[in-house]
Amino acid sequence: MNRFGFGLAAGLALACAGAALAYPFNKDGDHYETGWTVLVQGEQLCLDPYVRPSEREIECRSRPAR
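Remarks on the overall build of the protein
Here is step 1: The secondary structure content of the protein amounts to 1 helix and 5 strands.
Here is step 2: Its helices and strands in sequence order give the protein the pattern α-β-β-β-β-β, from N to C terminus.
Here is step 3: Within the protein, buried positions represent 11% of all 66 residues.
Here is step 4: As presented, the protein carries roughly 5900 Å² of accessible surface, and 59% of it is formed by carbon and sulfur atoms.

What follows is the structure, encoded as structure tokens:
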């Protein structure tokens, strides 16, 4: 039973440490939104846009196939 408790505590500690280390990369930085499509008035404008949340900008580099 002691091994189970130790394993549980070690697993929770590692999971929390991993989440804490990954948080700054996910926060509000510039990034690509993979798997997303930008629509303007129902028409596909681009795929996988580059997003800058601090400047409220979306940059389209790839066009969808017609």
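Structural notes on the side chain of Arg52
Here is step 1: Residue position: Arg52 is located in strand S4 (residues 50-52).
Here is step 2: Residue Arg52 is classed as buried on the basis of its relative accessible area of 19%.
Here is step 3: Arg52 has contacts with Asp30, Glu57 and Glu59, leaving out every residue within four places of it along the chain.

A short note on the state of the cysteines
Here is step 1: Tallying each qualifying case throughout the model produces 1 disulfide.
Here is step 2: One disulfide bridge connects Cys46 with Cys60, the sulfur atoms lying 2.2 Å from each other. Judged by the sign of its S-S torsion, about -45°, the cystine formed by Cys46 and Cys60 is left-handed. Residue Cys46 is found in strand S3 (residues 43-47), and its partner Cys60 is found in the segment after strand S5 (57-59); the two are separated by 14 residues along the sequence.
Here is step 3: The class of Cys46 is buried, set by a relative accessible area of 0%.
Here is step 4: Using a relative accessible area of 24% as the deciding quantity, one classes Cys60 as partly exposed.

Notes on the pairing of S3
Here is step 1: Note: strand S2 (residues 37-40) against S3, 4 bridges, orientation antiparallel. Considered in S3, the bridge of Thr37 is made with Leu47.

Remarks on the confidence of the model for the protein
Here is step 1: For the protein, per-residue confidence averages 81 on the pLDDT scale, and 83% of positions sit at 70 or higher.
Here is step 2: Of all secondary-structure elements in the protein, the lowest mean pLDDT belongs to strand S1 (residues 31-32), at 77, while S3 reaches the highest, 87.

What counts, and where the lines are drawn
- Residues numbered from 1 in each chain as written.
- Predicted model: local features only at pLDDT ≥ 70, side-chain atom pairs only at ≥ 80, totals over all residues.
- Heavy atoms only, no water.
- Helix = DSSP H or I, 4+ residues; strand = E, 2+ residues; numbered from the N terminus.
- Buried < 20%, exposed > 50% of the residue type's maximum accessible area, 1.4 Å probe, protein only.
- Areas by Shrake-Rupley, 256 points an atom, 1.4 Å probe, with all protein chains shown as cover.
- Contact = heavy atoms within 4.5 Å.
- Disulfide = S-S within 2.5 Å.
- Pairing = 2+ DSSP bridges.
- pLDDT = per-residue confidence, 0-100.

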